[in-house]
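Residue-level structural notes
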Amino acid sequence: MLDHLQQAKESFIKRFGEGGRIHAIRSPGRVNLIGEHTDYNDGFVCPMAIEPHVLMICRAREDGQVNVHSSAYAEHDVRFSVDGEIARARSGDWSNYVRGPAAMLRSKGVPMVGMDCYITNTLPTGSGLSSSAAMEVGTMLALLTLAGNEMGAQEIASLCQRAEHEYAGMPCGIMDQSIVAGGREGHAMLLDCRDLSRRFIPLDPLELRVVVVNSNFKPQLVGSEYDDRGRECEAGVAHFRKLNPGITHLRDVTLDQVLAARSDLDETVFRRCRHVVAENARCQQFAELMEKRQYEQAGELMVQSHESLRDDYDVSTTHLDHLVDSAVRLKGVYGSRMTGAGFGGCTVSLVQPRHVEQFAEQIRASYMQTFDITPDVIVTTATNGAQLIE
Ligand code: ADP
Ligand code: MG
């Protein structure tokens, strides 16, 4: 981390020159242990912030100009002024992850100054570890810090979620921004996405390692699936509302109600509802088991979560299925599942520390042999959310 910080500062100075007070912000990625596709259904999630992160080196500018260079997207820098309207760039442009948070602060009337900013990352982009939220929350923290303002983690998260909706064009739930802004070292966060209350679940690094495996594979023709899932859940809600107008989200529906509605629901909608409702229960149960250090049972819920995402929610891939199937056969593994929205991305496994090395070696070998793709194995502890480190 220190080397990384020192190098990033040198790169900043090379690019923007010496002088002035230079700040550094670490903004982590996240992995969700369980509770997948539940956040936009007002349900429960259990993510933690991870060691891979974006590092933002920044310094205030008097002229209101924002200049951002990112080593991961070095082809073009981001430039705009905080004094005028901050427009959305074309879809897919990385500048939206900087423009969005700035525009949200502007819309709230939060005073801002310009900045020079240099970004490096150890966090892979577009792999389901929420580099998008890391960018948004880190940018917002930089703009707040440079103008001498403070804001609570949950307000930052809500504004960054809006930025993701309106600037990145991604209709995401509140999970990613909440954990990136509010993560706590050594803990996962059980978050109720309805009232935003949270409980921190200790993860003892002497007893457990969290291992993320990036499949490094994205199926083609992925586009509107996330929106489709949202619509299918809404179709489910519309049905249950007819029975009880108090039901506004799948959060309000029980598994018995879903099972009883099987013949009335479209088959796909039924399976989507069954996943979300069962996953909410699993997530809460998982948190309790982890608190009681009942890792075997907690791990079993992760495997059930994976099966439900694969069979009912249809968001897994053969690559992710292979990683999970291999993981659960290895020594010292409590549980494993795909994590994040799906359609490629990563799996997460809970592994006994003394078996981690062997786990990494064997899962890598098995995946390479099957798909001829090298996966990235990331062994991580739970870290703090985004914070000023200098
Ligand atoms: P994920 O959040 O799973 O990593 P997304 O597609 O939601 O994937 O967000 C990835 C996008 O976020 C990238 O395409 C890029 O536009 C932006 N981004 C992520 N990391 C960086 C970075 N280090 N520098 C600049 N932009 C980044
Ligand atoms: Mg994202």
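Let me sum up the structure you'll find in this document. (Residues numbered from 1 in each chain as written. Chains lettered and ligands numbered in written order. Predicted model: local features only at pLDDT ≥ 70, side-chain atom pairs only at ≥ 80, totals over all residues. Heavy atoms only, no water.)

1. Some remarks on the packing of helix α2 (residues 96-107) against helix α4 (residues 153-168)
α4 packs onto α2 with a crossing angle of 120° between their chain directions and a minimal axis gap of 8 Å. It follows from the interaxial angle that α2 and α4 lie oblique. Where α2 crosses over α4, the handedness of that crossing is right-handed. Residues Asn96, Tyr97, Arg99, Gly100, Pro101, Ala103, Met104, Leu105 and Ser107 of α2 touch α4, and the partners they reach there are Leu159, Arg162, Ala163, Glu164, Glu166, Tyr167 and Ala168. For the contact of α2 with α4, the residue count by class is nine nonpolar, three polar and four charged. (Axes fitted to C-alpha atoms, helices over the stretch in contact; angles between N-to-C directions. Helix = DSSP H or I, 4+ residues; strand = E, 2+ residues; numbered from the N terminus. Parallel < 35°, antiparallel > 145°, perpendicular 65-115°, else oblique. Left-handed = near helix turned anticlockwise from the far one by under 90°. Contact = heavy atoms within 4.5 Å. Nonpolar A, V, L, I, M, F, W, Y, C, P; charged D, E, K, R; others polar.)

2. Quick notes on the site of ligand 1
If you check the shell around ligand 1, you find 15 residues, and the closest are Ser70, Gly126, Gly128, Ser131 and Ser132. Here Tyr73 contributes a side-chain N or O atom positioned 3.3 Å from an oxygen atom of ligand 1. Between ligand 1 and Gly126 there is a distance of 2.8 Å, counted from an oxygen atom to a backbone nitrogen or oxygen. Summarising the interface, the protein chains cover 83% of the accessible area of ligand 1, which totals 570 Å² for the free molecule. At three residues, the largest contribution of residues to the shell around ligand 1 is made by helix α3 (residues 131-146). (Near = heavy atom within 4 Å. Polar contact = N/O pair within 3.5 Å; in protein donor to acceptor, adjacent residues only side chain to side chain. Areas by Shrake-Rupley, 256 points an atom, 1.4 Å probe, with all protein chains shown as cover.)

3. With respect to the side chain of Glu136
Among the structural elements, Glu136 can be located in helix α3. Of the buried charged residues, Glu136 lacks a salt bridge, with Arg88 as the closest side chain of opposite charge at 10 Å. The contact partners of Glu136, leaving out residues within four places of it in the chain, are Tyr97, Pro101, Cys160, Glu164 and Gln177. (Buried < 20%, exposed > 50% of the residue type's maximum accessible area, 1.4 Å probe, protein only. Lys, Arg positive; Asp, Glu negative; His and termini not counted. Salt bridge = Lys/Arg side-chain N within 4 Å of Asp/Glu carboxyl O.)

4. Details of the pattern of salt bridges
One pass over the full model with this rule turns up 25 salt bridges. Taking the shortest distance from any N to any O, the salt bridge between Arg337 and Glu36 comes out at 2.8 Å. Here the residue Arg337 occupies a position in strand β10 (residues 333-339), and Glu36 occupies one in the loop between β1 (23-32) and β2 (44-45), the gap between them amounting to 301 residues. Just as Arg337 is buried, Glu36 falls in that class too. Among the charged side chains, a salt-bridge network with shared partners connects Arg229, Glu232, Glu267, Arg271, Arg272 and Asp314.

5. So, the packing of helix α6 (residues 225-243) against helix α8 (residues 267-291)
One can describe the packing of α6 onto α8 by two numbers: an axis separation of 9 Å at closest approach and a directional angle of 90°. Regarding the angle of α6 to α8, the classification is roughly perpendicular. Touching Arg229, Glu232, Cys233, Ala235, Gly236 and Phe240 of α6 are Thr268, Val269, Arg272, Cys273 and Val276, all from α8. Looking at the contact of α6 with α8 residue by residue, the classes come out as six nonpolar, two polar and three charged.

6. What to know about helix α5 (residues 175-182)
Most of α5 is tucked away: eight of the eight residues are buried. Looking at α5, one finds that the buried residues are Met175, Asp176, Gln177, Ser178, Ile179, Val180, Ala181 and Gly182.

7. Here's the deal with the pairing of β1
On a regular strand, one side chain projects to one face of the sheet and the next to the other, so that they alternate. Counting buried residues in β1 gives ten out of ten residues, a clear majority hidden from the surface. Where β1 and strand β3 (residues 47-61) come together, nine bridges link them in antiparallel fashion. Opposite Ala24, over in β3, you have Ile57 as the bridge partner. Relative to strand β13 (residues 387-388), β1 runs antiparallel, the two sharing two bridges. In the strand pairing of β13, Arg26 is matched with Gln387. (Pairing = 2+ DSSP bridges.)

8. Quick look at the environment of Gly230
Counting through the fold element by element, Gly230 comes out in helix α6. Looking at Gly230, the relative accessible area reads 19%, which means it is buried.

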